[in-house]
Amino acid sequence: MSDALTIRTVLGDIAPGELGVCDAHDHLFLRSALLPGQELDDPVAAVAELRAFAAAGGQAVAQWTPFGLGRRAGRLGEVSRAAGVHVIAATGFHQAAHAGELLTERVAGRLAELFVDELARGLRNDDDPDAPMGTARAGMIKVAGAFHGLDAHARAVMTAAAEAHHATDAPIGVHLEGGTAALDVLALLCERLDVPPERVILSHLNRSPDARVHRQAAEAGAFLAFDGPSRAHHATDWRLLDALAALCEAGHADRLLLGGDTTTARARATTGGEGPGMPFLLATLRPRVERELGARVANAVFVENPARAFAARWNGR
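Residues numbered from 1 in each chain as written. Predicted model: local features only at pLDDT ≥ 70, side-chain atom pairs only at ≥ 80, totals over all residues. Heavy atoms only, no water.

A.B. asks: Pulling in residues and values, what's your account of the layout of surface pockets?
C.D. replies: Looking at the second largest pocket, its volume works out to about 170 Å³. Around the second largest pocket, the lining residues are Leu-5, Pro-16, Asp-169, Glu-198, Arg-199, Phe-223, Ala-307, Arg-308, Ala-311 and Arg-313. Residues that form the lining of the second largest pocket fall into these classes: five nonpolar, no polar and five charged. (1 Å grid on protein atoms, 1.4 Å probe; cavity = no way out; pocket = protein on both sides within 12 Å on 5 of 7 lines; lining within 4 Å. Points joined across faces, edges and corners; volume = space filled by probe spheres on them. Nonpolar A, V, L, I, M, F, W, Y, C, P; charged D, E, K, R; others polar.)

Laid out in structure tokens, this is it:
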């Protein structure tokens, strides 16, 4: 096993120091049964949004769209290259309501194998577990909890993700439904399935601004992703700085990540949508973080922490 830490992007592995300013949770392509008519499926639009992000100073994006949700795996490399931005792709599996019952049934019992293959060999180019693999590899595993708990599906997917993590050392990003069940997730992944907490990224914590839970998750050692300024119906920006400040005051600035989580065409900034899109993260939120929490915290949130959160040893794979 190599001791060298690298970040796996769709164009190849890079040293953590090469990642740069990072949007730690976003989407370039996405299709969900729960978002009809709002698919992110246009490579030209993805390049335009990514170039706008780059113009604001962005250098890397973690693309959390997992297997089964229209991630356009075969186009991620060209989009990354055209925009000049590192892209970390995800394997993994979302809630059955997003992926659909038929696909959920097809992959039942084979998720760990699918995840390891996509991390070590190449992403499946279609939402088909038997489709040919491309050359781009996943750099993380995406899973999802349920609202205020973990249902049987979530537990099965997380168990497969833990198996894939142990085989590869890949980080695991967790969609927390409504920002809830963070501690349940850590109890399962870390206490029962032996995933080190620093290999877990908990997302959507801004949707449930429970400072005690945030602090407990940070104390456990997980990374905390606050994301979703594209979501007008969630508690996002107006509570964000207070949540970050509280965690910094408690000594947890090194656990914090920020992302845009742009999930619909309407939320994009560059193709006729209502925005604010990916550029907002750097054009508006980063200056606020710098003003209110200081340049060192801003650098940690956008540069240092993502470089640690997404780096892995890959266990020779």
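A.B. asks: Describe in detail the sheet that holds strand S4 (residues 60–63), supporting the description with residues and values.
C.D. replies: The sheet built from eight strands is open, its strands ordered S3-S4-S5-S6-S7-S8-S9-S10 with parallel pairing. Looking at strand neighbours, the two that pair on one side only are strand S3 (22–26) and strand S10 (256–259), the edges of this open sheet. Averaged over all adjacent pairs, the angle separating strand axes in this sheet is 25 degrees, with direction ignored. Bridging between strand S7 (residues 172–175) and strand S8 (residues 200–203) involves four bridges; their strand directions are parallel. By the bridge assignment for S8, Val-174 is matched with Leu-202. Helix H7 (residues 182–192) contacts S7 and S8 of the sheet and is inclined by roughly 160 degrees relative to S8. (Pairing = 2+ DSSP bridges. Helix = DSSP H or I, 4+ residues; strand = E, 2+ residues; numbered from the N terminus. Axes fitted to C-alpha atoms, helices over the stretch in contact; angles between N-to-C directions. Contact = heavy atoms within 4.5 Å.)

A.B. asks: Help me get a handle on helix H2 (residues 73–83), residues and values and all.
C.D. replies: For H2, the complete set of buried residues consists of Ala-73, Leu-76, Gly-77, Val-79, Ser-80 and Ala-83. All buried residues of H2 lie within an arc of 170 degrees about the axis, which places them on one face of the element. Buried positions along H2 lie against helix H1 (43–55), S4 and strand S5 (86–92). At the C-terminal side of H2, Gly-84 shows a positive phi close to 70 degrees. (Buried < 20%, exposed > 50% of the residue type's maximum accessible area, 1.4 Å probe, protein only. Arc of directions from axis to C-beta.)

A.B. asks: Give me empty space enclosed by the protein: which residues, what numbers.
C.D. replies: Think of a ball as big as a water molecule: rolled over the atoms, this probe shows where empty space is left. In the structure shown here, the tally under the stated rule is two cavities of 30 Å³ or more. The calculated volume of the second largest cavity comes to roughly 40 Å³. Lining of the second largest cavity is provided by Asn-206, Pro-209, His-214, Phe-226, Arg-239, Leu-240 and Ala-243. At three residues, helix H9 (residues 237–249) tops the list of elements feeding residues into the lining of the second largest cavity.

A.B. asks: Before we move on, could you go through helix H8 (residues 211–220) and cite the residues and values that matter?
C.D. replies: Among the residues making up H8, those that are buried are His-214, Ala-217 and Ala-218. Along H8, the residues classed as buried sweep out an arc of 100 degrees about the axis, all on the same side. Opposite the buried face of H8, by more than 90 degrees, sit the exposed residues Arg-212 and Glu-219. For H8, the N-terminal capping position is held by Asp-210, with its side-chain oxygen 3.1 Å away from the main-chain nitrogen of Arg-212. The first or second residue beyond H8 is Gly-221, which carries a positive phi of 110 degrees. (Polar contact = N/O pair within 3.5 Å; in protein donor to acceptor, adjacent residues only side chain to side chain.)

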